[in-house]
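Structural overview
The primary structure of each chain is shown beneath.
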Amino acid sequence: MRRNKQWDVNKAMLLSRLFQFLHCAGKACAIPFLTLYLRHLGLTASLTGIIMGTKHFINLAWAPLSGYFAKHYNKRRVVILSSLLCSIGAGLLLLLIPPADKATMTRYCNISAFAGFGLPETAEDTINFSQLGNTTMTVHAFTTLISPTALSKINTKHIATAGAGQTLNDAILATAAASKHEVKRIAHRQSHRENHKNEEGADIPDNSDSKRSVRSRSLKTGSAHGQKPTDVVLEVQHQLFFLVLMAVALWEVLSAPLEWIVDDGLYEYLDFVDATDGYSRQWIWGYLGAACSACGVGLLVSNLDCLLNVHIHRSAVHFYSYAILITLTLLTGTFLPIHVNRKQEQTNKVLKALHLISNDGRATLCALTAFIVGAVGSAIENYLFWQMQEKGSSEFYMGASIAITLFAEILLSFFSDKILKTVGQSGTVALGMLCMAVQCLYYSFLWSPWSVLPIQSLNAFSSGALWWALNAQCEDVSTPGMERSVQRVFQALSLGLGAGIGSLAGGFIASRFNLEVLYRAAAVVLVIWSVAFLIVQSRIPRQKRVNYSRLLAADNSDLSDTETDQERDWLVNAMKDEKENNSW
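Note that the structure is a prediction, hence the values are computed from the model and not measured.

**Considering the overall build of the protein**
For the protein, the count of helices and strands is 24 helices and two strands. Going through the 584 residues of the protein one by one, you find that 48% of them count as buried. Relative to all contacts within the protein whose residues are 6 or more apart in sequence, the contacts with residues 24 or more apart total 81%.

**Comments concerning the environment of V531**
By the secondary structure assignment, V531 is in helix α21 (residues 515–538). Separated by 98 residues in sequence, V531 and M433 have C-alpha atoms that sit 9.7 Å apart.

**A word on helix α12 (residues 283–302)**
In this model α12 runs 28 Å from its N-terminal to its C-terminal C-alpha over 20 residues, within 8% of the 28 Å that 1.5 Å per residue would give. For α12, every residue scored as buried is listed here: I284, G286, G289, A290, A291, S293, A294, V297, G298 and V301.

**Quick notes on a nonpolar patch on the surface**
Among the surface-exposed residues, W62, L65, Y68, F69, Y73 and V253 lie close enough to one another that they form a single nonpolar patch of about 590 Å² accessible area. Of the residues forming the nonpolar patch, the biggest block, four residues, is contributed by helix α3 (residues 45–72). Inspection of the secondary structure puts L65 in helix α3.

**Concerning the side chain of S401**
Among the secondary structure elements, S401 is positioned in helix α16 (residues 395–413). Once you skip the residues sitting within four places of it in the chain, S401 turns out to touch F385, M388, V452, L453 and Q456.

**Quick notes on the packing of helix α15 (residues 361–390) against helix α18 (residues 425–443)**
The interhelical angle for the contact between α15 and α18, taken along N-to-C directions, is 20°, at an axis separation of 11 Å. Between α15 and α18, the angle falls in the class roughly parallel. Seen along the crossing, α15 lies across α18 with a hand that is left-handed. Contacts from R362, T369, V373, V376, I380, L384 and Q387 of α15 reach α18 at S426, V429, M433, M436, C440 and Y443. In terms of residue class, the contact of α15 with α18 is built from nine nonpolar, three polar and one charged.

**Section: the environment of Q425**
In this structure, Q425 sits in helix α18. Counting along the chain gives 43 residues from Q425 to W468, while the straight-line C-alpha distance between them is 8.5 Å. When near neighbours in sequence (up to four residues on either side) are disregarded, Q425 contacts L420, A469, A472, Q473, D476 and R542. A distance of 3.0 Å separates the side chain of Q425 from the side chain of D476, its partner in a polar contact.

**Focus: unusual backbone geometry**
Leaving glycine aside, a negative phi is the common case for residues, and trans is the common case for peptide bonds. One non-glycine residue with positive phi stands out, namely N74, at about 55°. On the secondary structure map, N74 appears in the loop between α3 and α4 (76–93).

**Thoughts on the environment of R77**
In this fold, R77 is placed in helix α4. Look at R77 and you get partly exposed, because its relative accessible area is 30%. Each residue touching R77, except ones within four places of it in the same chain, is listed here: G333, T334, F335, L336 and I338.

**Overview of the confidence of the model for the protein**
Per-residue confidence for the protein gives a mean pLDDT of 76; residues scoring 70 or more make up 69%. Confidence drops under a pLDDT of 50 for residues 1–7, and excluding neighbours within four residues, the segment shows four contacts in the predicted structure. Contacts for the low-pLDDT stretch residues 580–584, under 50 throughout, to residues beyond four places or in other chains number seven contacts.

**Some details on the nonpolar core**
Nonpolar side chains tend toward joint burial in soluble globular proteins. Counting residues in each nonpolar core, the largest one holds 110 residues, and the members touching the most others are I80, L94, V244 and F490. With residues near it in sequence (within four places) discarded, V244 still touches L38, L41, L43, I51, L94 and I97. Judged by nonpolar contacts, the second largest core, of eight residues, contains V9, L266, Y269 and V273.

**Observations regarding the pattern of salt bridges**
For the structure on display, the rule yields ten salt bridges. For R314, the salt bridge is made with E395, and the minimal N-O distance between the two is 3.4 Å. Note that R314 is positioned in the loop between α12 and α13 (316–333) and E395 in helix α16, a separation of 81 residues in sequence. Residue classification places R314 among the buried residues on the basis of a relative accessible area of 13%. A relative accessible area of 4% means that E395 is categorised as buried.

**Comments concerning the packing of aromatic side chains**
Considering all chains together, one arrives at 13 aromatic pairs under this definition. Geometry around F414 places R281 over its ring, the cationic atom sitting 5.3 Å from the centre. Against the face of W260 rests R488, its NZ or CZ located 3.8 Å from the ring centre.

Cut-off values and rules
- Residues numbered from 1 in each chain as written.
- Predicted model: local features only at pLDDT ≥ 70, side-chain atom pairs only at ≥ 80, totals over all residues.
- Heavy atoms only, no water.
- Helix = DSSP H or I, 4+ residues; strand = E, 2+ residues; numbered from the N terminus.
- Buried < 20%, exposed > 50% of the residue type's maximum accessible area, 1.4 Å probe, protein only.
- Contact = heavy atoms within 4.5 Å.
- Expected span 1.5 Å × (residues − 1).
- Patch = residues over 30% accessible without salt bridge, like charges linked within 9 Å, V, L, I, M, F, W, Y side chains within 5 Å.
- Areas by Shrake-Rupley, 256 points an atom, 1.4 Å probe, with all protein chains shown as cover.
- Salt bridge = Lys/Arg side-chain N within 4 Å of Asp/Glu carboxyl O.
- Axes fitted to C-alpha atoms, helices over the stretch in contact; angles between N-to-C directions.
- Parallel < 35°, antiparallel > 145°, perpendicular 65-115°, else oblique.
- Left-handed = near helix turned anticlockwise from the far one by under 90°.
- Nonpolar A, V, L, I, M, F, W, Y, C, P; charged D, E, K, R; others polar.
- Polar contact = N/O pair within 3.5 Å; in protein donor to acceptor, adjacent residues only side chain to side chain.
- pLDDT = per-residue confidence, 0-100.
- Core = buried A, V, L, I, M, F, W, Y, C linked by side-chain atoms within 4.5 Å.
- Phe/Tyr/Trp six-rings, centres within 6.5 Å; stacked < 30°, edge-to-face > 60°.
- Lys NZ or Arg CZ within 6 Å of the ring centre and 35° of its normal.

Following this line, the structure appears as structure tokens:
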């Protein structure tokens, strides 16, 4: 009977690893790029922060609650398959929401994609032809006047994208050599139009109504009804915000139960067949899937035109890729091993875990550290791609940054025990926070599209090593059978509550000031707290609980024949050690 179970365990581990790989690969296609897509829709940093914060809060409350109901009614597989199926539709629902105006969709794209799709008409988006005709015209005027044939002659591969407050001067001048005569003619025509307007007091119609942006039409309509243009813009932004907020909230409600229920089902299955040793390394397969998909989809998107058609931005490919991989995950989920536990738990493990943490000073300090790390980490992740985009980075560099981060964590994980033994738990936590502070400071000084890549390897310490130390603290404070519950409380404080509050605060700071200020402020907070953590931790006595379940699993054959009966009595020795540890 035991040998048959062993074959089932191998098959179960293979299926669970494949499920983990595909699911994390699907998430990595869309979730890291979600804030970037919200920016393309026209949402500000503060509104994006509210949406991401709401997403984290929903996950914090709904994931454990849905996991409890799925286990109570023995409907785990039904919930898993329903969550996967519905999350596909919820993710694609975002693509049905129109942007605030078409200019936001093309602001960071090549000018070859600009013609005919509605463009910025502000003075900041100008093309300077001073070296060609001593004339300055807006991007909208340029694409209105230039013919598609002439535009196709320009070597658009070298045209750089322009951010807020920047111009396309250097890009156009560097690429207009192939059609210099055409550009001179256009500049002369624009100059003639301006002179004619000054002489007769009226502008010459340019028949470019079909090329005006949605925002321009909204402003005119609002003015006709007595509304100020700024009021119309705010109204459009608020409508877009509420639509996106409802779509993201629905997506999170449908997808949040998945990871919690899959994790519970797999662990209980492995525990039932006495094979929990392989559980601790399951995350590596998810990281491998996420690294490969993020880099792959980034490379794919960066080689596409800015607009797939008049209304679809190339960022939609992220959501299409997500749908494909989650569909494959759905097929794998039908065979996923799930243990049906008929025994209902009488105690609430979450409340018991909170009680254990609150009664231990070191654990309480680590829980507060997890909260701060989660808050700062969410601010970094939400707006890092915004910062990279302003430096000219394409989606390929963004995906590569994710891949480097995950691969670095995987490689360092093989030395986790040695690091914890050498540096210690407290030292590892402080080292991780200092590494994260260095990353934040580095992010505020990015200078090129690829400049973010070298620093990403530091994430092995700022995320990987830091969490190894926090999980070790969870094991120290836990009683038998409570290790996973205590770890989940730490994760909820960090990735749920901390990430939600950090998203709100980060959005406000980025909107009120700028991204550079946000990252520098985060670095200061991390440095201050890392020093405070070491000082306070050194003054709290260590109260390590003995985990008797581990001692029960020890092999009695390790005991020598020369040991006395007192030395063989592990329970007596363990109780003595616990009494000594708690006495100071």
